[in-house]
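Here's the letter readout for the chains.
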Amino acid sequence: VYCNHPLYALVFLTSLFSSTCSQGTRFVHSAALDADGRYSIKWGFDESTITFEVEVETRGYIGFGLSPTGAMSSSDIVIGGVLDGSPYLLDYYTDSNRKVHKDVLQSYQLLYGRENDTHTVLAFSRNLQTCDDNDKVITGSTVRVIWAFHAEDVGVSGPVYHGTNRGRKSLRLLNPGTSSSIPAGTAFFDLQNEEVPVPHKDTTYWCQIFKFPELKKKHHIIRIEPMIQKGHGNLVHHILLYQCDSNLNKSEINRGHECYHPNMPDSFFTCETVLFAWAIGGEGFTYPPHAGMSIGTSIDPVYVQMEIHFDNPSLQRGIVDSSGLRLYYSPSLRRYDAGVIETGVWVSLYHMLPPGMQDYITEGHCTQECLQESLDSEMPSGIHVFAVLLHAHLAGRAIRARHFRQQVELQPLASDDQFDFNFQEFQPLSQERIILPGDSLITECRYNTKGRMNMTWGGLSTRDEMCLSYLLYYPRVNLARCESLPEITGQLKFIGIKEIQEPVITWPFVIKSPKKYSNLSFTEAMDKYKWTRKRGKAFNNIVRKLPMNVRCSKIGQDEWSIQGMIISPPELKSEQTSAAVVACRNVSEIQCGCSFVLLLTACLLLILQTCLYL
């Protein structure tokens, strides 16, 4: 048949090969990797493969890599360019001393390349899991992309040092966030500081109360994005938006004040319920087409407090900031009103991490009891989570929002095994997750305190720690916080504390016995204890089994009845394994299959050539 119709044979070969081994990807995602727009990337992916197109302002070589830390050492790198009209691409890796080596297994495939008078464009692809120890596995976690370029192409002796033409950017390649596209002409309003003098100190939380626009009917907020003053990208660490009591003192609207300060106006203490959270590195959030934040009705927020965390470790003076949030809203209503639930570890000094630990695990429980009581009363059919913001500070290395039903673990709501303090934003879920009454959640944080000499405490500073996950969900219910905190008694007992001074009149409270800790605060006693890695590990095992104090609060300052109860951590069955990594055996089978197709294609082409000759 094919001898009589040689073109049919060619069509057959093409369809056979493309259906079996092609990536079928489109460049649906993009990012500028440098501030000046000289280096940009586009990418697309499927279940097994990722494809990139890079465009760089150079006629020399382009370097693109995946790094464990954002530095050059131990990185997976590809270098290519266009030389004398011909594109080239080579797979490299660097050792722990940053020395560049050509990879024996060339895992990146060049698709095309071109250049003009100013720019070079390269497209290439690779498997998410290459089964090469020198390549980084690409998962849904944060990826630290490193980039470089040079005016010269790669020569016989290898690439010339790139100099200052380099940088890094954290991205989620397989979970890149929401689109910023909204209907043209969508109305918006800004909540913005006006030249706030940032104090000359390490950490400042600045609060200001605003009034939402007066609307004659219900609207939905459909997108929220940060407005960070130029040059303040590292100063503004996060922004939280809280709902305030509608009966607050109107004279305190538009007034700014340092948060959590003894002299803070009374109205500021009525702002308890989180409406939105943005953290450093995030680019804003667009709600899904069927949900939005409701404004304009009698039960919606009227007054809000914007809390901005300024991180100023170098103690700069004379800084004035005018950052804030922009909120887009529409009269075209979505089907559901969205809400936010804060889950994880209740922020407190009772959340403590020993020094010198490579891996220290903290667990914050959103308990079965809290979800049973609140959802049975508000939404027995359950709520739908559509995005999650995982939040920790400088010691954070990995976070998971785990989900349990009838004590059996389901897939995590969200996870990041390569957490980057400088890149925190809401992760949209690929499939919305229903949380039912009686389910339970655990926010699990893994920390590294190896370089620290003293305890790390739960607290507001970036040098303190948090372990939180903010859940965006619908339909809105009367549940604002679902958290836990390990009881302090068992933690004190571990270091030998027997008695505290009572009544408790100071904070942190003071130790009475034994003598070696007498008259020390409990934080001083914890720091005085001689911590070792072995002791830290033993402490970690004990803390995770201690009874815990439950936080289960409503919108505003009300609480569910479970609030403040002491319960033991549940006995849970974990049946989940790390789902992001494809087994190398399976990849080998796929590669073998593709090799067979290539071989078959070569044979059929030979037959075709013979047919045409005849």
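Residues numbered from 1 in each chain as written. Predicted model: local features only at pLDDT ≥ 70, side-chain atom pairs only at ≥ 80, totals over all residues. Heavy atoms only, no water.

A few points about the pairing of strand β20 (residues 291–295)
The condition that has to hold: Think of it in three bands: with a 1.4 Å probe and only protein chains considered, a residue is buried below 20% of the maximum accessible area for its type, exposed above 50%, and partly exposed in between. Numbering of helices and strands starts at the N terminus; helices are DSSP runs of H or I of at least 4 residues and strands are runs of E of at least 2. Two strands pair under a simple rule: DSSP has to find at least two bridges between them.
Most of β20 is tucked away: five of the five residues are buried. Bridge count for strand β15 (residues 219–227) against β20 is three bridges, and the pairing is antiparallel. When the sheet's bridge partners are listed, I221 is paired in β20 with M293. One ladder, built from two bridges, connects β20 with strand β24 (residues 336–337); its direction is parallel. In the strand pairing of β24, G292 is matched with D337.

Things to note about the environment of L472
Here is the rule: Residues are treated as being in contact if the distance between any of their heavy atoms lies within 4.5 Å.
Relative to the elements of secondary structure, L472 occurs in strand β35 (residues 468–474). Assessed through its relative accessible area of 0%, L472 is described here as buried. For the pair L472 and V388, spaced 84 residues apart in sequence, the C-alpha separation works out to 6.1 Å. If sequence neighbours within four positions are ignored, L472 has contacts with F285, Y287, G339, V340, H384, V385, F386, A387 and F426.

Comments concerning the confidence of the model for the protein
As a reminder of what qualifies: Per residue, pLDDT measures the predictor's confidence, with a range of 0 to 100.
Residues of the protein with pLDDT of at least 70 account for 89%, and the chain-wide mean is 87. Ignoring residues within four places in sequence, the model shows residues 1–24, a span with pLDDT below 50, making 29 contacts including any to other chains.

Side note on the state of the cysteines
Stated formally: Disulfide: a pair of cysteine sulfur atoms within 2.5 Å of each other.
Counting across every chain of the model gives five disulfides. Each sulfur in the disulfide pair C244 and C271 lies 2.0 Å from the other. Disulfide C244-C271: the torsion about the S-S bond is 105°, which places it as right-handed. Pair noted here: C244 is in the loop between β16 (236–243) and β17 (256–258) and C271 is in the loop between β17 and β18 (273–279), with a separation of 27 residues, a long-range link. Of the two residues, C244 and C271, both sit in the buried class.

Section: the side chain of N448
Selection rule: Counting of polar contacts relies on pairs of N or O atoms within 3.5 Å, with two restrictions inside protein: one atom must be capable of donating a hydrogen and the other of accepting it, and residues adjacent in sequence are counted only when both atoms are side-chain atoms.
Inspection of the secondary structure puts N448 in the loop between β33 (440–447) and β34 (456–457). The exposure class assigned to N448 is buried, which follows from its relative accessible area of 16%. A distance of 2.9 Å separates the side chain of N448 from the backbone nitrogen of K450, its partner in a polar contact. Apart from the residues within four sequence positions on either side, N448 is in contact with M357, Q358, A395 and R397.

Focus: the sheet that holds strand β6 (residues 86–94)
The cut-off we apply is this: For helices, the fitted line uses only the C-alpha atoms of the stretch in contact; every axis is such a line through C-alpha atoms, and the angle between N-to-C directions lies from 0 to 180 degrees.
Reading across from one edge, β7-β6-β5-β4-β10-β11 is the order of the six strands in this open sheet, with antiparallel pairing throughout. With partners counted over all chains shown, the strands left at the sheet margins are β7 (100–102) and β11 (166–171), one partner each. Across the sheet, the mean angle separating the axes of adjacent strands is 25° when strand polarity is ignored. With three bridges joining them, β6 and β7 adopt antiparallel strand pairing.

Some points on the sheet that holds β16
Pairing within the open sheet is antiparallel, and its five strands lie in the order β17-β14-β21-β16-β18. This sheet does not close on itself; its edge strands, each paired only once, are β17 and β18. The mean angle between the axes of side-by-side strands here comes to 20°, regardless of whether they run parallel or antiparallel. As paired elements, β16 and β18 share six bridges and run antiparallel to each other. Bridge assignment links H238 to a residue of β18, and that residue is A279.

A word on the layout of surface pockets
Note the threshold: The way it works is a 1 Å grid over only the protein atoms, where trapped points that fit a 1.4 Å probe form a cavity and open points with protein on both sides within 12 Å along at least five of seven lines form a pocket, and then any residue with an atom within 4 Å of a point lines it. Grid points are joined across faces, edges and corners, and a volume is the space filled by probe spheres set on the points. Here the term charged refers only to Asp, Glu, Lys and Arg, the term nonpolar to Ala, Val, Leu, Ile, Met, Phe, Trp, Tyr, Cys and Pro, and the term polar to all other amino acids, Gly among them. Domain borders in the structure are assigned automatically or taken from a domain database.
Of the pockets and cavities examined, the second largest pocket occupies roughly 1,100 Å³. Considering the residues around the second largest pocket, the lining is formed by 38 residues, among which A32, K169, L171, G281 and E283 are closest to the centre. Counting only elements with at least two residues in the lining of the second largest pocket, the list comes to β1 (29–32) and β11. Sorting elements by how many residues they give to the lining of the second largest pocket places β11 first, with six residues. Residues of the lining of the second largest pocket, tallied by class, amount to 13 nonpolar, 14 polar and eleven charged. The residue makeup of the lining of the second largest pocket includes at least three contributed by each of domain 1 (29–171) and domain 2 (188–486).

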